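Structural features, examined
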Amino acid sequence: YKYENDKMVESGLEIPFNGNGWTTHVTSLMVYNGNKVVEMNATNYKMKFEYDGTDNLVLFTDTQWDQAASAWVNKERSRYTYTANNEVASHEKEMWDAASGRWKYVRRTEYTYTGSEVATSTEYYYSQGWQPDVKHLFAYNNNLNKDIETIQAWNPTTQTFINSKQVLYGY
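The notes below deal with the structure included here. (Residues numbered from 1 in each chain as written. Predicted model: local features only at pLDDT ≥ 70, side-chain atom pairs only at ≥ 80, totals over all residues. Heavy atoms only, no water.)

1. Here's the deal with unusual backbone geometry
The backbone phi angle of aspartate 55 is positive, close to 65°, even though this residue is not glycine. Residue position: aspartate 55 is located in the loop between strand S5 (45-51) and strand S6 (57-66). (Helix = DSSP H or I, 4+ residues; strand = E, 2+ residues; numbered from the N terminus.)

2. A word on the pattern of salt bridges
Applying the stated criterion across every chain, the model contains 11 salt bridges. Lysine 146 serves as the salt-bridge partner of glutamate 149, at 3.7 Å between the closest nitrogen and oxygen. When its relative accessible area of 24% is taken as the criterion, lysine 146 is described as partly exposed. Counted as one network, the salt bridges with shared partners bring together Arg77, Arg79 and Glu94. (Salt bridge = Lys/Arg side-chain N within 4 Å of Asp/Glu carboxyl O. Buried < 20%, exposed > 50% of the residue type's maximum accessible area, 1.4 Å probe, protein only.)

3. Here we look at the nonpolar core
Residues Val26, Met30, Val37, Met40, Ala42, Tyr45, Met47, Phe49 and Phe60 constitute the largest nonpolar core, which totals nine residues. Listing elements by their share of this core, those giving two or more residues are strand S3 (22-33), strand S4 (36-41) and S5. Among the elements that make up this core, the one with the highest residue count is S5 (three residues). Not counting chain neighbours up to four residues away, the residues in contact with valine 26 comprise Ser11, Gly12, Leu13, Ala42, Asn44 and Tyr45. (Core = buried A, V, L, I, M, F, W, Y, C linked by side-chain atoms within 4.5 Å. Contact = heavy atoms within 4.5 Å.)

4. Side note on the environment of glutamine 152
With respect to the helices and strands, the residue glutamine 152 is situated in strand S12 (residues 146-155). Between the alpha carbons of glutamine 152 and threonine 122 there is a distance of 9.3 Å; along the sequence they are 30 residues apart. In this view, glutamine 152 contacts Asp133, Val134, Lys135, Leu137, Phe161, Ile162, Asn163 and Ser164; residues no more than four positions away in its chain are not counted. Within the structure, glutamine 152 has its side chain in polar contact with the side chain of asparagine 163 (distance 2.8 Å). (Polar contact = N/O pair within 3.5 Å; in protein donor to acceptor, adjacent residues only side chain to side chain.)

5. Comments concerning the packing of aromatic side chains
Taken as a whole, this structure holds seven aromatic pairs when the rule is applied. A ring pair is formed by tryptophan 96 and tryptophan 103, whose centres lie 5.1 Å apart and whose planes are at 75°; its orientation type is edge-to-face. A relative accessible area of 29% means that tryptophan 96 is categorised as partly exposed. Summarising the aromatic geometry, the rings of tryptophan 154 and phenylalanine 161 are spaced 4.9 Å apart at their centres and angled 70° between planes, so their arrangement reads as edge-to-face. Classification of tryptophan 154 by relative accessible area gives partly exposed; the value is 24%. (Phe/Tyr/Trp six-rings, centres within 6.5 Å; stacked < 30°, edge-to-face > 60°.)

Next up, the structure:
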């Protein structure tokens, strides 16, 4: 990692080199607008970040170099929305479909909160519209540590989420 003015401007991924130490394989360079990273560029990928007026990340786009086409091609992107308290309200993931030349929805997660803790996360997959898939319910102890996570699966017959797994956490 390389820093300038308290900002990371470069990171490197190293791999073993002929059994004699390490060599840099991929170097990523960060581009800033004020204190926000707006681009991260490397030899074979580029990531772009967009923010709203309160500095929340609202769009992340990943492109990769296609050697055969000698061009940058879209791969995936994520969109975020926020609550009035600047908590993530939703996250949508899209993948690039080269055949149609457009973005296609893949997954969506919606969040609810109790205080500042995530109370639920509900996941959807896309098939001619958003379809319910999995729901996570979270319970916390007095120290605000997660105590219980209940995982529910969507039952298309009853059109409801039903308990499928519960995880208990100990501290």
